[in-house]
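Summary of the model geometry
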Amino acid sequence: MSSVINVVLPVFALILLGFLCRRTGRLGPTGASELNRFVVWLGLPALLFSVVATSTWEQLWQPGFIAAFSIGCLGVFAFTLGYRMLQKQPLVDASLDALGASYANTGYVGIPLCMLVLGDEALQPAMVASIVVVCVLFAIALACVETGLHAGQGLLRTLGKVSRALSRNPLVIAPVLGALWAASGLQLPVPLETLLKLLGAAAAPCALVSLGLFLAQPQPGGQVRGVWPLVGLKLVVQPLITWYLAFEVFQLPTLWAYSALLLSALPTGTGPYMLAEFYGREGSRVSRVVLLSTLGSLISLSLILVLLPV
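Residues take numbers from 1 onward in each chain, read along the sequence in its written order. Totals for whole chains, interfaces and linings use every residue, but because this is a predicted model, local features are given only for residues with pLDDT of at least 70 and side-chain atom pairs only at 80 or more, for both listing and counting. Only hydrogens and water are set aside when side-chain values are computed; all heavy atoms of the structure are taken into account.

This paragraph deals with the overall build of the protein. The helix and strand labels rest on DSSP assignments: H or I over at least four residues marks a helix, E over at least two residues marks a strand, and numbering proceeds from the N terminus. From N to C terminus, the protein includes 14 helices and zero strands. Starting at the N terminus, the α and β elements of the protein follow one another as α-α-α-α-α-α-α-α-α-α-α-α-α-α. A radius of gyration in this sense is built from C-alpha atoms; the matching globule rule multiplies 2.2 Å by the number of residues raised to 0.38. Relative to the globule expectation of 19 Å for 310 residues, the C-alpha radius of gyration of the protein, 19 Å, shows essentially globular dimensions. Across its three principal axes, the protein shows a C-alpha extent of roughly 45 × 45 × 45 Å. Burial statistics for the protein: of 310 residues in total, 50% are counted as buried. Burial classes follow relative accessibility: with a 1.4 Å probe on protein chains only, a residue under 20% of its type's maximum area counts as buried, one over 50% as exposed, and anything between as partly exposed.

Set out below in structure tokens:
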């Protein structure tokens, strides 16, 4: 329990600081949007590039772990997307809901939690899971959002606009450039590496403070529907799928199996909120999913830690 609290409490503290800064007028009404732009255009791309550029193929290629973790998050994403589409929700909003139900907070909570519970060796599976979430799942969600924004303009024209939009998106470009750099075998120059570390380290606190700023703003009247099903999918369904695959199907080594389960049970990260804010969509539902899943993870993660003989 203390391991979970040690990691999750600072996350809440950053959200609370953003909330208080907005309510006391220390940061203005555009603070959430501007901080979010920093994360999308500078902080998170630097982090993605740095992680991919400094990784080796041997570190990244863990097929059983990748399959167990990816099927869990992508399966929940596909189910939620299909269900929301059946409810006649626009593709853009359905994609954001699907991302909220499947986007594990591997970077900001997962990496320190796994290292606290399983030791430094758990950094490798946590890093692989982070790449799956931010480079695969996030890219798929981006493609769905862009497709929804350009729908009704003809197939070829829509594909062209989506391709151009993705090719200009820093969250897609950064890991691609990082992979190219890794393939070259070159070392990052020390000044560039330091710059990337500084920018990447700022991504997490800025994203969380931005979320707090958003939550402090006046919200639309009435109850926000559909939040708890997304939280349940994230904290219950996704870990169950991953547990079955990791322990029963692929029978992963102990460290990798435990890591897969812990990482799949993480709360929703700030990615869906950042995407909603970036595209100017309604962020009330995804912001509540981030907040409530983080609260709920105190119980779900603690239960997993009690059941696992770590």
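With that settled, consider the side chain of S259. Relative to the assigned elements, S259 resides in helix 12 (residues 254-264). A residue is classified by how much of its surface remains accessible, and S259, at 0% relative accessible area, is buried. Residue contacts follow a heavy-atom distance rule, with two residues in contact if any of their heavy atoms lie within 4.5 Å. Setting aside residues up to four positions removed in sequence, S259 forms contacts with F65, L118, A122 and P125.

Grid points spaced at 1 Å and placed over the protein atoms alone form the basis of the search, with a cavity being a set where a 1.4 Å probe fits but cannot get out and a pocket an open set showing protein on both sides within 12 Å along at least five of seven lines. Lining residues have an atom within 4 Å of a point. Grid points are joined across faces, edges and corners, and a volume is the space filled by probe spheres set on the points. In total, this model carries one cavity of 30 Å³ or more according to the counting rule given. Considering the residues around the largest cavity, the lining is formed by V40, F138, N169, L171, M274, L275 and F278. Considered class by class, the residues forming the lining of the largest cavity number six nonpolar, one polar and no charged. In this count, Pro and Cys sit with the nonpolar residues alongside Ala, Val, Leu, Ile, Met, Phe, Trp and Tyr, while Asp, Glu, Lys and Arg are called charged and the others, Gly among them, polar.

We count a salt bridge whenever a side-chain nitrogen from Lys or Arg sits within 4 Å of a carboxyl oxygen from Asp or Glu. What the rule picks out here adds up to four salt bridges. For the salt bridge of D93 with R281, the shortest nitrogen-to-oxygen distance reads 3.2 Å. Note that D93 is positioned in helix 5 (residues 91-102) and R281 in the loop between helix 13 (271-278) and helix 14 (284-307), a separation of 188 residues in sequence. On the accessibility criterion, D93 (18% relative accessible area) is buried. D97 is the salt-bridge partner of R285, the closest N and O atoms lying 3.0 Å from each other. Within this pair, whereas R285 is found in helix 14, its partner D97 is found in helix 5, the two being separated by 188 residues in sequence. A single network of salt bridges, built from pairs that share partners, joins R84, D97 and R285.

This part covers the packing of helix 6 (residues 106-118) against helix 7 (residues 123-149). The axes used here are C-alpha line fits, helices contributing only the stretch in contact, and every angle between their N-to-C directions lies in the interval 0 to 180 degrees. One way to put it is that helix 6 packs onto helix 7 with a least axis distance of 9 Å and a crossing angle of 165°. On the basis of their axis angle, the class for helix 6 and helix 7 is roughly antiparallel. For the pair helix 6 and helix 7, the crossing hand works out as right-handed. In contact with T106, G107, I111 and M115 of helix 6, helix 7 contributes L123, A126, A129, S130 and V133. In terms of residue class, the contact of helix 6 with helix 7 is made up of six nonpolar, three polar and no charged. Roughly parallel here means an angle under 35 degrees, roughly antiparallel means over 145, roughly perpendicular means 65 to 115, and every remaining angle is called oblique. Less than a right angle of anticlockwise turn of the near helix away from the far helix marks a crossing as left-handed, whereas a clockwise turn marks it as right-handed.

Moving on, we come to helix 6. Under the 1.5 Å per step criterion, the end-to-end length of helix 6 is only 15 Å for 13 residues, more than 12% shorter than the ideal 18 Å. Among all positions in helix 6, only T106, Y108, V109, G110, L113, C114, V117 and L118 are buried. Backbone geometry just after helix 6 places G119 at a positive phi near 100°. Here, expected helix span is obtained from the residue count minus one, scaled by 1.5 Å.

Further remarks concern the layout of surface pockets. Rolled over the atoms, a probe with the dimensions of a water molecule shows which regions are left empty. When its volume is computed, the largest pocket comes out at roughly 740 Å³. Looking at the largest pocket, it is lined by 38 residues, and the ones nearest its centre are L47, V51, G107, Y108 and I111. Of all elements in the fold, only helix 1 (2-23), helix 2 (31-53), helix 6, helix 7, helix 10 (190-216) and helix 13 reach the threshold of two or more residues within the lining of the largest pocket. Its residues assigned to classes, the lining of the largest pocket comprises 25 nonpolar, eleven polar and two charged. Residue lining of the second largest pocket: 29 residues in total, with V52, S55, L60, I131 and A182 positioned closest to the centre. With eight residues, the single largest contributor to the lining of the second largest pocket is helix 9 (residues 170-184). Class assignment for the residues of the lining of the second largest pocket results in 22 nonpolar, six polar and one charged.

What follows is about the nonpolar core. Residues belong to one nonpolar core when they are buried, are Ala, Val, Leu, Ile, Met, Phe, Trp, Tyr or Cys, and are joined through side-chain atoms within 4.5 Å. Residues F65, F69, F77, L99, L262, L263 and L275 are the most contacted members of the largest nonpolar core, which totals 83 residues. Among all residues touching L275, those that are not within four sequence positions of it are L96, L99, F138, L142 and V145. Core analysis: the next-biggest nonpolar cluster, separate from the first, contains eight residues, V227, L230, L235 and V289 among them.

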